[in-house]
Amino acid sequence: QVQLVESGGGLVQAGGSLRLSCAASGRTASISVMGWFRQAPGKEREFVGAIIRSLGNTVYAESVKGRFTISRDNAKNTVYLQTNKLKSEDTALYYCAARARRYGSWFERESYDFWGQGTQVTVSS
């Protein structure tokens with residue numbers, strides 16, 4: 001129904017920035033909320049942030065608030081995660097996710113219907 005492809009990951013020095021992209025295809029009109037999660041080795045997949053596709057409202061995890069920004073270009077069916085002031089603790093595989101339902105919890109992986117394959121962000125210190 002919906003396919004998500006992340007890109008933009010890579011190796012960056014601490015304090016640097018990366019812009020991650022998530023391109024959606026398929027039944028994109030059904031997407032209400034798009035989110036970003038990340039998972040480091042030995043850790044649970046954790047919520048990073050999310051955006052309401054139609055309105056642009058965003059919510060972020062406390063660990064990234066003020067450093068990361070989510071935006072979207074609906075004409076391109078793409079959402080972005082701008083990561084600034086990166087720290088070594090930000091190193092993880094970053095996943096894009098989407099769901100049709102607007103309301104309800106945005107923070108749990110089980111609430112999302114579709115997932116990308118992930119893009120690796122590695123921060124050196």
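Structure shown above.
Residues numbered from 1 in each chain as written. Predicted model: local features only at pLDDT ≥ 70, side-chain atom pairs only at ≥ 80, totals over all residues. Heavy atoms only, no water.

### Side note on the packing of aromatic side chains
Counting across every chain of the model gives six aromatic pairs. Geometrically, the ring pair formed by Phe-47 and Phe-107 is edge-to-face, given 5.0 Å between the ring centres and 90° between the ring planes. Of this pair, Phe-47 sits in strand S5 (residues 46-52) while Phe-107 is found in the loop between strand S9 (92-99) and strand S10 (114-115), placing the two residues 60 residues apart along the sequence. Residue classification places Phe-47 among the buried residues on the basis of a relative accessible area of 10%. The class for Phe-107 is partly exposed, based on a relative accessible area of 47%. (Phe/Tyr/Trp six-rings, centres within 6.5 Å; stacked < 30°, edge-to-face > 60°. Helix = DSSP H or I, 4+ residues; strand = E, 2+ residues; numbered from the N terminus. Buried < 20%, exposed > 50% of the residue type's maximum accessible area, 1.4 Å probe, protein only.)

### Structural notes on unusual backbone geometry
Trans is the prevailing form of peptide bonds, just as negative phi is the prevailing case for residues other than glycine. Not every positive phi belongs to a glycine, and Asn-77 is a case in point at roughly 55°. Mapped onto the fold, Asn-77 is located in the loop between strand S7 (68-73) and strand S8 (78-83). Its identity as a non-glycine residue notwithstanding, Lys-85 has a phi of 50°, on the positive side. Relative to the assigned elements, Lys-85 resides in the loop between S8 and S9.

### Thoughts on the environment of Ala-100
As for its position among the elements, Ala-100 is in the loop between S9 and S10. Leaving out residues up to four positions away in the same chain, Ala-100 has contacts with Ser-30, Ser-32 and Asp-113. (Contact = heavy atoms within 4.5 Å.)

### Thoughts on the sheet that holds strand S1 (residues 2-7)
Read across the sheet, four strands follow the order S1-S3-S8-S7 without closing on themselves; strand pairing throughout is antiparallel. Only two strands of the sheet have a single partner each, and these edge strands are S1 and S7. Strand-to-strand twist of the sheet, defined as the mean angle between neighbouring strand axes without regard to direction, takes the value 20°. In the sheet, S7 pairs with S8 via six bridges, with the strands oriented antiparallel. Residue pairing across strands places Ile-70 opposite Leu-81, the latter belonging to S8. (Pairing = 2+ DSSP bridges. Axes fitted to C-alpha atoms, helices over the stretch in contact; angles between N-to-C directions.)

### A word on the state of the cysteines
By the definition in use, this model includes one disulfide. For Cys-22, the disulfide goes to Cys-96, at an S-S distance of 2.0 Å. Judged by the sign of its S-S torsion, about -80°, the cystine formed by Cys-22 and Cys-96 is left-handed. Of this pair, Cys-22 sits in strand S3 (residues 18-26) while Cys-96 sits in strand S9; the two residues are 74 residues apart in sequence, bridging distant segments of the chain. Accessibility classification places Cys-22 together with Cys-96 in one group, the buried group. (Disulfide = S-S within 2.5 Å.)

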